[in-house]
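Take a look at the letters that make up each chain.
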Amino acid sequence: MEYTVQKLGKLAGISTRTLRFYDEVGILKPARMNSSGYRIYGQAEVDRLQQILFYRELGVSLDRIKELLTDPSFNGTAALVQHREQLLDRRRQLDALIANVDQTIAAAEGRITMSDKQKFEGFKQRLIDENEQKYGKEVREKYGDDVVNKSNAKVKGMSQEDHERVTRLAEEIKESLAEAFKLGDPAGELAQKTADLHRQWLSFYWPQYSKEAHANLSQMYVDDERFKAYYDVDQPGSAEFLRDAIHIYTGVS
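For the structure given in this document, a descriptive report is provided here. Nothing here was measured: the structure is a model prediction, and the numbers come from that model.

### Some details on the overall build of the chain
Phase 1: Counting its regular elements, the chain contains 13 helices and 3 strands.
Phase 2: Counting only residues that meet the buried cut, the chain has 35% of its 253 residues in that class.
Phase 3: Excluding contacts between residues fewer than 6 apart, the proportion of contacts in the chain whose partners are at least 24 apart in sequence is 59%.
Phase 4: Looking at the chain as shown, the accessible area adds up to about 15200 Å², and 51% of this sits on carbon and sulfur atoms.

### Structural notes on the side chain of Asp23
Phase 1: If you trace the backbone, Asp23 turns up in helix H2 (residues 16–24).
Phase 2: With near-sequence residues (within four places) excluded, Asp23 lies in contact with Leu28, Lys29, Pro30 and Arg39.

### Details of the pattern of salt bridges
Phase 1: A full pass over the atoms with the stated rule returns 11 salt bridges.
Phase 2: When the shortest N-O distance is used, the salt bridge between Arg32 and Glu2 registers 2.8 Å. Here Arg32, found in strand S2 (residues 32–33), pairs with Glu2, found in the segment before strand S1 (3–4); they are 30 residues apart in sequence, far enough to count as distant.
Phase 3: We classify Arg32 as partly exposed; its relative accessible area is 39%.
Phase 4: Classification of Glu2 by relative accessible area gives partly exposed; the value is 45%.
Phase 5: Of the charged contacts, one joins Glu240 and Lys228 as a salt bridge, the two residues approaching to 3.4 Å between their closest N and O atoms. Taken as a pair, Glu240 in helix H13 (residues 238–250) and Lys228 in helix H12 (residues 225–232) lie far apart in primary sequence, 12 residues in all.

### Overview of the packing of aromatic side chains
Phase 1: Under the definition given, this model contains 6 aromatic pairs.
Phase 2: With 5.3 Å between their ring centres and 40 degrees between their planes, Tyr221 and Phe227 make a pair best called tilted.
Phase 3: Look at Tyr221 and you get buried, because its relative accessible area is 3%.
Phase 4: With 4.9 Å between their ring centres and 85 degrees between their planes, Tyr230 and Tyr231 make a pair best called edge-to-face.
Phase 5: Feature note: the residues Tyr221, Phe227, Tyr230 and Tyr231 constitute an aromatic cluster, connected by ring pairs.

### As for the environment of Lys193
Phase 1: Following the sequence through the fold, Lys193 ends up in helix H10 (residues 189–203).
Phase 2: A relative accessible area of 48% places Lys193 in the partly exposed class.

### Here's the deal with the packing of H10 against H13
Phase 1: Running from N to C, H10 and H13 cross one another at 85 degrees; their axes reach a closest spacing of 9 Å. On the basis of their axis angle, the class for H10 and H13 is roughly perpendicular. Between H10, through Ala191, Gln192, Thr194, Ala195, Asp196, His198 and Arg199, and H13, the contact on the second element is made entirely by Phe241, Leu242, Ala245, Ile246, Ile248 and Tyr249.

### Some words on the side chain of Arg39
Phase 1: Residue placement: Arg39 occurs in strand S3 (residues 39–41).
Phase 2: In this structure the side chain of Arg39 is engaged in a polar contact, spanning 2.6 Å, whose partner is the side chain of Asp23.
Phase 3: If near-sequence neighbours (up to four positions away) are discounted, Arg39 is found in contact with Tyr3, Thr4, Val5, Arg20, Asp23, Pro30, Arg32 and Met33.

### Quick word on the sheet that holds S3
Phase 1: Spatial ordering of the open sheet is given by S1-S3-S2, a layout of 3 strands whose pairing is antiparallel. The sheet terminates laterally at S1 and S2, the two strands that pair on one side only.
Phase 2: Sheet topology note: the S2/S3 ladder contains 2 bridges and is antiparallel. From the neighbouring strand, Met33 faces S3, where its bridge partner is Arg39.

### Observations regarding the environment of Asn34
Phase 1: Topologically, Asn34 is positioned in the loop between S2 and S3.
Phase 2: Linking Asn34 and Thr4, residues 30 residues apart in sequence, is a C-alpha distance of 9.6 Å.
Phase 3: From its side chain, Asn34 meets the backbone nitrogen of Tyr38 in a polar contact 2.8 Å long.

Parameters and conventions
Sequence order sets the numbering: in each chain, residues are counted from 1 along the sequence as written. Reporting in this predicted model follows two pLDDT cut-offs: at least 70 for local features of residues, and 80 or more for side-chain atom pairs to be given and counted; totals over whole chains, interfaces and linings ignore these cut-offs and use all residues. By convention in this description, side-chain values take in all heavy atoms of the structure and omit both hydrogens and water. Starting at the N terminus, helices and strands are each numbered in turn, a helix being any DSSP run of H or I of at least four residues and a strand any DSSP run of E of at least two. Throughout this description, buried means an accessible area under 20% of the type-specific maximum (1.4 Å probe, protein chains only), exposed means over 50%, and partly exposed covers the range between. Only heavy atoms matter for contacts: two residues are in contact if any of them lie within 4.5 Å across the pair. With residues, only the protein chains shown are counted as cover, and all accessible areas are computed by Shrake-Rupley using a 1.4 Å probe. Salt bridges are defined as contacts in which a side-chain nitrogen from Lys or Arg sits within 4 Å of a carboxyl oxygen from Asp or Glu. Pairing of aromatic rings covers Phe, Tyr and Trp, the last counted by its six-membered ring, and requires centre-to-centre distances within 6.5 Å; plane angles under 30 degrees mean stacked, over 60 mean edge-to-face, and any other angle means tilted. Note on definitions: angles span 0 to 180 degrees between N-to-C directions of axes, and those axes are lines fitted to C-alpha atoms, for helices only across the stretch in contact. Between 65 and 115 degrees an angle is taken as roughly perpendicular, under 35 as roughly parallel, over 145 as roughly antiparallel, and anywhere else as oblique. Distance and chemistry together define a polar contact, namely a pair of N or O atoms within 3.5 Å, with one atom able to donate a hydrogen and the other to accept it when in protein, and with adjacent residues in sequence counting only for side-chain atoms on both sides. What makes two strands pair is DSSP finding at least two bridges between them.

The following block contains the structure:
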């Protein structure tokens, strides 16, 4: 089967404008141009578009999708298996939230009594699942299953106050890091305050704190592109700055 832009767009449920944009940025080129100058797509392009839409549904950026699909080692079948696992993770997260909503409705109707802790179980489970999906493999390889499992158990045991505090700490770290980065001194007072805020934030997740593990984690922020992108999103170089500040704070080089 071959498809024009209009037919492929209708088949996939996306606009022709999107398909033309994918062509312009080099993520999905047509198989050929016909004598009238129209883009023509074949089976290979249909399969590639399916992969693109899977990745987009999972929140992957177009730049990253392009890197993945143009990698010589890219394996379409293996990618589909990974997509399936990620979708199953998402379903588990939604199931947990739905169960939480059902309990809340039942409590509102007087059919059950729901503790404050139960009210936040779904949200905490989603946080655990998302972290496992994004970083689980690397973190487990680095720190071991026992440490990660204990960390997940600690998250599940968070009170409402703990959850609110750790959320505020994450925002404080972001704001403090941005200001400290402008000053440019990782040993400065504000940078060291940021490192201490980061230690406090970690204490809500780690079963126990160690300076060595803190320093190692900050290096992972630089080495792993996903962590690096999180910290560098507004100010490139922030991940390295935070690492340097934490190394000074912990005294671990």
